[in-house]
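# Fold and contact review
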Amino acid sequence: MTDVKVVAAAGTRCGTCAETLYLTAQVPQPRSSRTRTVGLCPQCDAGRPETQGLLAYFAEHQRVRPEDLHQVHELVGRWLEALTERADRDGSLAADVEAWWAARAG
Ligand SMILES: [Zn+2]
């Protein structure tokens, strides 16, 4: 798990359901030097066990509070782990990156 970048979605819409995304992440492509961007959608990702904690957090908080950074970091890690596992099967996701995670958290 290296070179993954997570950013606040900053109003980016889900390509599937047009819901506003909570986060986007740039994930390295397997067997490639390119990355792909995936979004955390409150609608489309609602049924996934690995996103439950993150979705609940962002449903309650507009942004990550400094005291929650560690908790959110863990939740994001779980989401990304599942994403990279799915990456082999699903190669069609794309979204614009609008703000770096660090900028949102700071
Ligand atoms: Zn969606």
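Data block above holds the structure.
Notes on the structure follow. Since this is a predicted model, take the numbers as computed values, not measurements.

Thresholds applied
- Residues numbered from 1 in each chain as written.
- Predicted model: local features only at pLDDT ≥ 70, side-chain atom pairs only at ≥ 80, totals over all residues.
- Heavy atoms only, no water.
- Helix = DSSP H or I, 4+ residues; strand = E, 2+ residues; numbered from the N terminus.
- Buried < 20%, exposed > 50% of the residue type's maximum accessible area, 1.4 Å probe, protein only.
- Contact = heavy atoms within 4.5 Å.
- Areas by Shrake-Rupley, 256 points an atom, 1.4 Å probe, with all protein chains shown as cover.
- Donors = N, O, S within 2.8 Å, 3.2 Å for Na, K, Ca; no water.
- Tetrahedral: all angles 85-135°; square planar, octahedral: opposite > 155°, others 65-115°.
- Pairing = 2+ DSSP bridges.
- Axes fitted to C-alpha atoms, helices over the stretch in contact; angles between N-to-C directions.
- Salt bridge = Lys/Arg side-chain N within 4 Å of Asp/Glu carboxyl O.

### Structural notes on the overall build of the protein chain
- Counting its secondary structure elements, the protein chain contains three helices and three strands.
- Going residue by residue from the N terminus, the α and β elements of the protein chain occur as β-β-β-α-α-α.
- Each of the 106 residues in the protein chain was classed as buried or not, and the buried ones make up 35%.
- If you take every contact in the protein chain between residues at least 6 apart in sequence, the share linking residues at least 24 apart comes to 52%.
- Entry remark: accessible area of the protein chain is about 6,400 Å², with carbon and sulfur atoms responsible for 46%.

### Overview of the coordination of the zinc ion
- Within the protein, the atoms that donate to the zinc ion are Cys-14 (SG), Cys-17 (SG), Cys-41 (SG) and Cys-44 (SG), at distances of 2.2 to 2.4 Å.
- Taken together, the four donor atoms coordinating the zinc ion and their angles of 97 to 115° define a geometry best described as tetrahedral.
- Linear spacing of the donor residues for the zinc ion on their chain is C-x2-C-x23-C-x2-C. Taken together, the positions of Cys-14 in the loop between β1 (5-8) and β2 (23-28) and Cys-41 in the loop between β3 (35-40) and α1 (52-60) put the pair 27 residues apart, joining distant regions of the chain. Each member of the pair, Cys-14 as well as Cys-41, carries the same accessibility label: buried.

### Focus on the sheet that holds β2
- Strand order across the open sheet formed by three strands is β1-β2-β3, with antiparallel pairing between neighbours. Edge strands, defined here as strands with exactly one partner in the open sheet, are β1 and β3. If you compare each strand with its neighbour and ignore which way they point, the axes differ by 20° on average.
- Note: β2 against β3, six bridges, orientation antiparallel. Counted as the bridge partner of Leu-23 is Leu-40 from β3.

### Looking at the pattern of salt bridges
- All told, the structure shown has three salt bridges when counted by the stated rule.
- A salt bridge links Arg-48 to Asp-45, with the shortest nitrogen-to-oxygen separation between them at 2.2 Å.
- When its relative accessible area of 28% is taken as the criterion, Arg-48 is described as partly exposed.
- Judged by relative accessible area, Asp-45 falls into the buried class, the value being 5%.
- One salt bridge connects Asp-68 with Arg-65, and the closest N-O pair in it is separated by 2.8 Å.
- Residue classification places Asp-68 among the buried residues on the basis of a relative accessible area of 9%.
- If you follow the salt bridges from partner to partner, you end up with Arg-65, Glu-67 and Asp-68 in one network.

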